[in-house]
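Letter by letter, the chains look like this.
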Amino acid sequence: MSVLRFDNVTKHYAGGHPALVDVSFEVAAGEMLFVTGHSGAGKSTLLKLIHLSERPTRGAVLFAERNLLKVRGGKVALHRRQVGAVYQDHRLLTDRSVGENVALPLILRGDRRADADKRVRSVLERMGLGHREKALPTQLSAGEQQRVGIARAIVAEPRLLVADEPTGNLDPALAAEIMTLFAELPARGTSVLVVSHDLALLKQMRKRVLILDHGRLVDDISPQDLAE
Ligand SMILES: Nc1ncnc2c1ncn2[C@@H]1O[C@H](COP(=O)(O)OP(=O)(O)O)[C@@H](O)[C@H]1O
Ligand SMILES: [Mg+2]
């Protein structure tokens, strides 16, 4: 089963040069891969097309074999529940506790409070944050804040997690720790697509790597080739 497919996707922003040109690739369910490339290569645009904050100019994006062109209006919110997103700046609500932040996607989809609390506790435990549930985000270290962001993105067990430079603000040890957490997700049914230009980290992880260059997908490197 494919969780994600880009079919000859081109994206032009109004007035600008093309951000993506004829990009095609497929992600299998249970796969973890990276997207890399220079600044302006089109990495964030690629994620925005998956999350439906942008639409392709030409070509199609398929999610779980469904053309996202057909996902419009109220269905967009339903689609986003199946795609967890992690950003460089974790975007936590600073006036809500860690637990409340993580519970948000569950409350929005209508889970009962008691069910939500149970899930929140369990995911915080996995992230090594079981003792921080009542804390405010500002009372946490940068690495802890990022882990809360990840907990919030995966608490509803999305089919796909997308992360845009999630370790950009972290030192190498914390970055490796975050990547280890990501690498555990495919076994739990969540595929993972991470944008990163940290080459050392990419080599260390030994996963598939897509390389964008001026909007074109110029390479698709398998883990075996990376090991050489
Ligand atoms: N909202 C936008 N409007 C116009 N141009 C944009 C917009 N977002 C991105 N771009 C342009 O599209 C190209 C790709 O950007 P982006 O996807 O953010 O690249 P990356 O994440 O790899 O740095 C860049 O040339 C950028 O300036
Ligand atoms: Mg970007």
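Residues numbered from 1 in each chain as written. Chains lettered and ligands numbered in written order. Predicted model: local features only at pLDDT ≥ 70, side-chain atom pairs only at ≥ 80, totals over all residues. Heavy atoms only, no water.

Enquirer: What am I meant to see in the sheet that holds strand 5 (residues 66-67) here?
Expert: The strands making up a sheet are joined through hydrogen bonds of the backbone, oriented either antiparallel or parallel. Read from one edge of the open sheet, 4 strands run 2-1-4-5, paired in antiparallel fashion. On the outer flanks of this sheet lie strand 2 (18-28) and strand 5, each paired with one strand and no other. Here strand 4 (residues 58-63) runs beside strand 5; their pairing, made up of 2 bridges, is antiparallel. Bridging across to strand 5, Phe63 finds its partner in Arg66. Contacting strand 1 (2-12), strand 2 and strand 4, helix 1 (residues 43-51) crosses the sheet at an angle of about 120° to strand 1. (Pairing = 2+ DSSP bridges. Helix = DSSP H or I, 4+ residues; strand = E, 2+ residues; numbered from the N terminus. Contact = heavy atoms within 4.5 Å. Axes fitted to C-alpha atoms, helices over the stretch in contact; angles between N-to-C directions.)

Enquirer: Explain the nonpolar core to me, please; I cannot follow it from the model alone.
Expert: Generally speaking, a soluble globular protein has its nonpolar side chains buried in company with each other. The biggest cluster of nonpolar side chains holds 40 residues, and the ones touching the most others in it are Met32, Phe34, Val102, Leu161, Met179, Phe182 and Val194. Among the elements of the structure, strand 3 (32-37), helix 3 (98-108), helix 4 (113-126), helix 5 (142-154), strand 7 (160-164), helix 6 (172-183), strand 8 (191-195) and helix 7 (199-205) are those that each provide at least two residues to this core. Mapping this core onto the domain boundaries places at least three of its residues in each of domain 1 (1-82 + 159-228) and domain 2 (92-157). If we ignore the near neighbours within four places in the chain, the residues touching Val194 are Met32, Leu33, Phe34, Val35, Ala163, Pro166, Met179 and Phe182. The next biggest cluster of nonpolar side chains, apart from the first, holds 29 residues, and it includes Leu20, Ile50, Phe63 and Leu210. (Core = buried A, V, L, I, M, F, W, Y, C linked by side-chain atoms within 4.5 Å. Buried < 20%, exposed > 50% of the residue type's maximum accessible area, 1.4 Å probe, protein only. Domains from an automatic or database assignment.)

Enquirer: Can you walk me through the site of ligand 1 in this structure?
Expert: The full set of residues close to ligand 1 is Tyr13, His17, Ala19, His38, Ser39, Gly40, Ala41, Gly42, Lys43, Ser44 and Thr45. Between ligand 1 and the protein, one listed contact pairs an oxygen atom with a backbone N or O atom of Gly40 at 2.7 Å. Calculation on ligand 1 without its partners gives an accessible area of 560 Å², and the protein chains cover 63% of this total. For the shell around ligand 1, a count of residues per class yields 3 nonpolar, 7 polar and 1 charged. (Near = heavy atom within 4 Å. Polar contact = N/O pair within 3.5 Å; in protein donor to acceptor, adjacent residues only side chain to side chain. Areas by Shrake-Rupley, 256 points an atom, 1.4 Å probe, with all protein chains shown as cover. Nonpolar A, V, L, I, M, F, W, Y, C, P; charged D, E, K, R; others polar.)

Enquirer: When you look at the packing of helix 3 against helix 4 in this model, what are you seeing that I'm missing?
Expert: Relative placement of two packed helices is described by the angle separating their axes and the distance separating the axes. One can describe the packing of helix 3 onto helix 4 by two numbers: an axis separation of 9 Å at closest approach and a directional angle of 125°. Considering their axes alone, helix 3 and helix 4 lie oblique with respect to each other. Considering how the two elements wind past one another, helix 3 and helix 4 form a crossing that is right-handed. Judged by residue contacts, Val98, Gly99, Val102, Ala103, Leu106 and Ile107 of helix 3 engage Arg113, Ala116, Arg119, Val120, Val123 and Leu124 from helix 4. Taken together, the residues of the contact of helix 3 with helix 4 break down into 9 nonpolar, 1 polar and 2 charged. (Parallel < 35°, antiparallel > 145°, perpendicular 65-115°, else oblique. Left-handed = near helix turned anticlockwise from the far one by under 90°.)

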